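# Understanding the architecture of this molecule
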Amino acid sequence: MKKRNSNLTAAMFLLPYGILFTVFVLIPVFYGFFVSLHKWHILSTAPQFVGLTNYRDILSDDLFRVAFLRTAYFVVMTAPLGNMLSLLLAVGLMQDFKGTPVYKVAFYMPVVMTVSVVAVMWRWLYSTEFGMLNYYLGCFAHFGHAVVPGLVSAQSAHIPWLSNPGTAMPAIALMSIWWGAGGNMLIYLAGLKAVPRELLEAAEVDGAGPLQRFWAVTWPMLRPTTLFCMVMSVISASQVFGQTYMLTGGGPYYSTLTVVLYMYQQGFGLYQLGYASAVAYVLFVAVFMFTLLQFKLLAVKR
Amino acid sequence: MSKGKGRKRAISAGSIIAQVAMILGAIIMVAPILWMISTSLKQPTAVLTPQPHWVPNPPTLENFAGLFTKSEEFPVVRWFINSLFISCTVTLLVLLVTSTAAYAFARLQFKGREVLFMVVVATMIIPGQVILIPVFLIVQKLGWFNTYLGLIIPGLASAFGVFLLRQFFMTIPVELEEAAYVDGAGPFTVYSRVILPVAKPALATLAIFTFIGAWNEFVWPLIITNDISMRTLPVGLMIFQGRYSLEYGTVMAAAVLCSLPMVVAFLIFQKRITEGIALTGIKG
């Protein structure tokens, strides 16, 4: 064993990946922090060391505060609702209805699409005048109006989804939930399949209905899966960029300005790479702390 | 859930409601996609109608043909080739570099093996956007701005790939290798003749995820290219929409072109993809 597994052989196997990993992952983690300590114009040859100035500026930057809060708003909308939808779809798939493979494909299909396809698709759905969403909402409104006059305004079908500060972020959140639900659905499905059948049957023998069985048996057993999916959803939602970049560019009135979009604007719009790097690090620390908090709150207690 | 005999009462009102909900849910989930396809097959005058018409009447490929006539301003074919070339190359190279590293982590004895592996795995929790700017600066310093090297190489350092393959290699019985070693084979022969053939399912799963991920990548090609001919389809689609924002038929045709390879790949490999996610916890 010893002779053929020498350090040299291992080095040969590790070398290609090791170089790539060092140059494009490991060094950047530290280099990014180094950059954030500088006034670093994209074309400058001699960046100026400024210490923690960028971080101090971020704390008093109103736009960063807006971006941070709007990102939190997006996370709060998408992570819990998205996970609820994913779990619901997974429970549906667990019933083994006829056609379950088809449902699975249908629910997962959006996940394999790229963000720009999703964005142009939904921009068309959200169109104020000719959008499908407003058309069907109009139908409902019409119907509601006919049943209970005065309950629903007939105007509700002309919602300018993406150009109204109040609706733009919820609209982007809805689109993102649709886009991502299938991914977590499959993880929940694996979690549900791992729940011991005997436990469920024992509960049934004891007279527990489907809902009771879910709350008393499935839900507690599913806790590690839920924790994993929530943590991953929060991490990915906090980095939302493509959707807001494509659909609204952060507007209207900064209502969809997110942290990574702000980082992009600072870094590649204004060429302030030092400041943009500091924004990235603040986001990283915030997400990391929040992840730890989630583990504290949701982790399985023993 | 209840599949036992004597439980035929399962066809209850609740079950019927649940089935209807599933059908409705599936329709709602695919509706935006069908609407995109439907719009892409419509004549320009049939797109903006007060009522949505789901079936294009008459259907036309005009919008798709139109994509290719705009080639001086919007080189759609070039974008398609760029995307295809980059995704294929990234996939092949990721398989190569991650499988050799994973083999070393799984099977070879060397100093610091566990620590190095932990470092690789730990980086998986770092959000990609955090290292976007430093990686950009490094690639720029290497002179790879606006090049295929810049588009391809940084995407190869997949910690996830190493993790996935290493976990799979660990499950392969050591006896298989021992037999080869007894026959006088060296580690490279064992890796290529014994391990890789056995690990085909894991390699295929990684290949599919890598391909979809590379094709769908948006942020990196956006910042590392600015030449119109070096763009990829997802970024090209964004440029396209900027110019033809109100010609929904044309934009939808471009979107269909951009998503078609992924949808086809997904339909072909859907079993492997859905099972791979359950195993690994990643999402496309």
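The written sequence of each chain sets the order in which its residues are numbered from 1. Each chain is given a letter, starting from A, and each ligand a number, starting from 1, according to the order in which they appear as written. Side-chain atom pairs in this predicted model are given and counted only at pLDDT of 80 or more, local residue features only at pLDDT of at least 70, and totals for whole chains, interfaces and linings cover all residues.

Secondary structure counts use DSSP, requiring at least four H or I residues in a row for a helix and at least two E residues in a row for a strand, with both numbered from the N terminus. Within chain B one finds 13 helices and 0 strands. With the C-alpha coordinates aligned to their principal axes, the bounding extent of chain B is approximately 75 × 70 × 35 Å. Among the 284 residues that make up chain B, the fraction classed as buried is 40%. Neighbour density around each residue's C-beta defines its exposure: 20 or more other C-beta atoms within 10 Å make it buried, 12 or fewer make it exposed, and counts between make it partly exposed, where C-beta atoms are placed from the backbone.

Each helix and strand counted, chain A has 13 helices and 2 strands in total. Using C-alpha atoms as the atom set, the radius of gyration is obtained and then compared with a globule rule of 2.2 Å times the number of residues to the power 0.38. For chain A, the C-alpha radius of gyration of 24 Å lies well beyond 19 Å, the compact-globule estimate for 302 residues. Split into buried and exposed, the 302 residues of chain A put 42% on the buried side.

With that settled, consider the nonpolar core. Counting residues in each nonpolar core, the largest one holds 155 residues, and the members touching the most others are Val-279 and Ala-280 of chain A together with Ala-254 and Ala-255 of chain B. Note: domain ranges come from an automatic or database domain assignment. The residues that make up this core include at least three from each of domain 1 (8-67) and domain 2 (72-280) of chain B. Throughout, a residue-residue contact means that the two C-beta atoms, derived from backbone geometry, are no farther apart than 7 Å. With near-sequence residues (within four places) excluded, Ala-255 of chain B lies in contact with Val-117, Val-120 and Met-121 of chain A together with Met-36 and Leu-237 of chain B. Each nonpolar core reported here comprises buried Ala, Val, Leu, Ile, Met, Phe, Trp, Tyr and Cys residues connected via C-beta atoms within 7 Å.

On to the domain arrangement of chain B, then. A common measure of how large an interface is: the accessible area buried when the components associate. Residues and elements named next belong to chain B. Structurally, chain B comprises domain 1 (8-67) and domain 2 (72-280). The C-alpha-based centres of domain 1 and domain 2 are spaced at 32 Å. Counting residues at the interface gives 11 residues for domain 1, matched by 11 residues for domain 2. Elements with a contribution of two residues or more to the side of domain 1 that touches domain 2: helix H1 (13-40) and helix H2 (62-69). Three classes are used: nonpolar for Ala, Val, Leu, Ile, Met, Phe, Trp, Tyr, Cys and Pro, charged for Asp, Glu, Lys and Arg, and polar for all others, with Gly counted as polar. Split into classes, the residues belonging to the side of domain 1 that touches domain 2 amount to 6 nonpolar, 4 polar and 1 charged.

This next bit is on the interface of chain B and chain A. Facing 72 residues of chain B, the contacting portion of chain A comprises 70 residues. When residues in the side of chain B that touches chain A are grouped by element, the largest group, 13 residues, is from helix H13 (residues 248-280) of chain B. Its residues assigned to classes, the side of chain B that touches chain A comprises 53 nonpolar, 17 polar and 2 charged.

Residues and elements named next belong to chain B. A residue's pLDDT is simply how confident the predictor is in it, with values from 0 to 100. Of all residues in chain B, 93% attain a pLDDT of 70 or more, and the chain-wide mean is 87. Here H13 is the element of chain B with the lowest mean pLDDT, 84, and helix H6 (residues 148-152) is the one with the highest, 96. The low-confidence segment residues 1-8 (pLDDT under 50) makes 5 contacts with residues lying over four places distant or belonging to another chain. Interface confidence for the predicted complex, given as ipTM, is 0.87, next to a pTM of 0.89.

For the rest of this paragraph, the subject is the packing of helix H1 (residues 7-36) of chain A against helix H13 (residues 273-298) of chain A. All names here are of chain A. Lines fitted to C-alpha atoms define the axes, with helix axes restricted to the stretch in contact, and inter-axis angles between N-to-C directions lie between 0 and 180 degrees. H13 packs onto H1 with a crossing angle of 125° between their chain directions and a minimal axis gap of 7 Å. Judged by the angle between their axes, H1 and H13 are oblique. In this structure, H1 meets H13 at a crossing whose hand is left-handed. Listed contacts from H13 to Gly-32, Phe-33, Val-35 and Ser-36 of H1 are Leu-273, Gly-274, Ser-277, Ala-278, Ala-280 and Tyr-281. Note that the term roughly parallel is reserved for angles under 35 degrees, roughly antiparallel for angles over 145, roughly perpendicular for angles of 65 to 115, and oblique for everything else. Rotating anticlockwise by less than a right angle from the far helix to the near helix defines a left-handed crossing, while the corresponding clockwise rotation defines a right-handed one.

Once that is clear, we can look at helix H3 (residues 62-94) of chain A. Multiply 1.5 Å by the residue count of a helix minus one, and that product is the helix's expected span. Taking 1.5 Å of rise per residue, 33 residues should cover 48 Å, and H3 of chain A covers 48 Å from first to last C-alpha, within 8% of that figure. Backbone geometry just after H3 of chain A places Asp-96 of chain A at a positive phi near 55°.

Per-residue pLDDT for chain A averages 89, and the proportion of residues at 70 or more is 94%. The least confident element of chain A is helix H6 (residues 132-147) of chain A, whose mean pLDDT is 81; the most confident is H3 of chain A, at 95.

Looking now at the environment of Leu-137 of chain B. Here Leu-137 of chain B shows up in helix H5 (residues 132-141). Overall, Leu-137 of chain B belongs to the partly exposed group, with 19 C-beta atoms counted inside 10 Å. Between the C-alpha atoms of Leu-137 of chain B and Phe-64 of chain B, which are 73 residues apart in sequence, the distance is 38 Å. If we ignore the near neighbours within four places in the chain, the residues touching Leu-137 of chain B are Val-35 and Leu-273 of chain A.

With that out of the way, let us pick up the environment of Val-75 of chain A. All names here are of chain A. Its location among the elements puts Val-75 in helix H3. Overall, the presence of 22 C-beta atoms within 10 Å leaves Val-75 in the buried class. In the structure, Val-75 is positioned 195 residues away from Leu-270 in sequence and 27 Å away in space, judged by C-alpha atoms. Setting aside residues up to four positions removed in sequence, Val-75 forms contacts with Val-234, Ala-237 and Ser-238.

Residue and element names in this part refer to chain A. The first and last C-alpha atoms of helix H7 (residues 168-193) sit 38 Å apart over 26 residues, in line with the 38 Å expected at 1.5 Å per residue. Maximum bend of H7: about 40°, positioned at Gly-180. With 21 of 26 residues buried, H7 is to be regarded as a mostly interior element. A residue's bend is simply the angle between two axes: one fitted to the seven residues ending at it, one to the seven starting at it.

Residue Pro-252 of chain A is reached from Gly-251 of chain A by a cis peptide bond, and omega for that bond is -15°. Look at the link from Asn-57 of chain B to Pro-58 of chain B: it is a cis peptide, with omega at -5°. In this structure, Pro-58 of chain B sits in the loop between H1 and H2. Positive phi, close to 65°, is recorded for Tyr-271 of chain A, a residue that is not glycine.

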